[in-house]
Amino acid sequence: MLGLRLRQLVKVPRGTGFFSPISWQSRGFSQSMAAMHGHLKKPNPGEELKITFISKDGSQSSYEVAEGDSLLDIAQANHLDMEGACGGSCACSTCHIIVDPAYYDSIPEPSDDENDMLDLAFGLTETSRLGCQVFMAKELDGLRVALPAMTRNLQSRDFNK
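Residues numbered from 1 in each chain as written. Predicted model: local features only at pLDDT ≥ 70, side-chain atom pairs only at ≥ 80, totals over all residues. Heavy atoms only, no water.

If you check an unreviewed UniProt entry, the chain appears there as 2Fe-2S ferredoxin-type domain-containing protein from Kuraishia capsulata CBS 1993. According to the UniProt record, the Cofactor (unreviewed entry) comment for the chain reads "[2Fe-2S] cluster". UniProt annotates the chain under Sequence similarities (unreviewed entry) with the comment "Belongs to the adrenodoxin/putidaredoxin family." (UniProt positions renumbered as here; feature names shortened; annotations may be inferred.)

Here it is as structure tokens:
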């Protein structure tokens, strides 16, 4: 009905233009799964792993997490100030963390890609890693990591007023 009324208003010949039956073909609907940054698996009872984040201001926050969760996901799920601009694909250094030296050797060696990104990190230390590349494991239970004072993706809140 609407098509007929518009056709009369704009004088579009039947079977041509926007209102042609050809333009009203049915299209299938497709969607892709939304990226789930910050999602965490719930730890099984008795299998909780503990991690402590030390923020820029020195405050400490401890969490119980499941094996296999990345430090980036843990931080974002708990609203800590870790950006992860690349979404955890090891293409930036905004999830830079400083690992407690007591735990550093328990973490698998960084890949070449991670080392390349770490070269860009602000305030690089001997125990620096990217949060998106460190995954919780039983040997990391009790892990302590510090968030650096700034990242390369500077924001106004990184500066005191």
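**Student:** So what exactly am I meant to see when it comes to the environment of K41 here?
**Tutor:** Locating K41 in the fold gives a position in the loop between α1 (2–10) and β1 (49–54). Residue classification places K41 among the partly exposed residues on the basis of a relative accessible area of 46%. When the C-alpha positions of K41 and A66 are compared, they lie 6.0 Å apart, and in sequence the two are 25 residues distant. There is a polar contact of 3.5 Å between the side chain of K41 and the backbone oxygen of E67. (Helix = DSSP H or I, 4+ residues; strand = E, 2+ residues; numbered from the N terminus. Buried < 20%, exposed > 50% of the residue type's maximum accessible area, 1.4 Å probe, protein only. Polar contact = N/O pair within 3.5 Å; in protein donor to acceptor, adjacent residues only side chain to side chain.)

**Student:** Quick question: what am I supposed to make of the pattern of salt bridges here?
**Tutor:** Any two side chains of opposite charge can pair, so long as their charged atoms come close to each other. All told, the structure shown has 5 salt bridges when counted by the stated rule. Taking the shortest distance from any N to any O, the salt bridge between K50 and E64 comes out at 3.3 Å. Here the residue K50 occupies a position in strand β1, and E64 occupies one in strand β2 (residues 60–65), the gap between them amounting to 14 residues. Owing to a relative accessible area of 45%, K50 belongs among the partly exposed residues under this scheme. (Salt bridge = Lys/Arg side-chain N within 4 Å of Asp/Glu carboxyl O.)

**Student:** Just to check I follow, could you spell out the environment of F122 for this structure?
**Tutor:** By secondary structure assignment, the location of F122 is in the loop between α4 (112–118) and β4 (128–130). On the basis of relative accessibility, which here comes to 34%, the residue F122 falls in the partly exposed class.

**Student:** Looking at this model, I keep getting lost on the sheet that holds strand β5 (residues 143–146). Mind explaining?
**Tutor:** Across a sheet, paired strands are connected by hydrogen bonds in the backbone, their directions being either parallel or antiparallel. Within the open sheet, the 5 strands sit side by side as β2-β1-β5-β3-β4. Their pairing is mixed. Each edge of the open sheet is held by one strand with a lone partner, namely β2 and β4. Pairs of neighbouring strands in the sheet enclose a mean axial angle of 35 degrees, with direction left out of account. Sheet analysis places strand β3 (residues 96–99) next to β5, joined by 2 bridges and oriented antiparallel. What sits directly across from I98, in β5, is A146. (Pairing = 2+ DSSP bridges. Axes fitted to C-alpha atoms, helices over the stretch in contact; angles between N-to-C directions.)

**Student:** What should I look at first to understand the nonpolar core in this one?
**Tutor:** Generally speaking, nonpolar side chains in soluble globular proteins are found buried as a group. The biggest cluster of nonpolar side chains holds 27 residues, and the ones touching the most others in it are I51, F53, L71, M82, M136 and L143. When residues of this core are traced back to their parent elements, those giving at least two are β1, β2, α2 (71–77), β3, α4 and β5. Top element by residues in this core is α2. It accounts for 4 residues. When neighbours within four sequence positions are excluded, F53 is seen to be in contact with S59, Q60, S61, Y63, L71, I74, A75, L80, M82, V145 and L147. (Core = buried A, V, L, I, M, F, W, Y, C linked by side-chain atoms within 4.5 Å. Contact = heavy atoms within 4.5 Å.)

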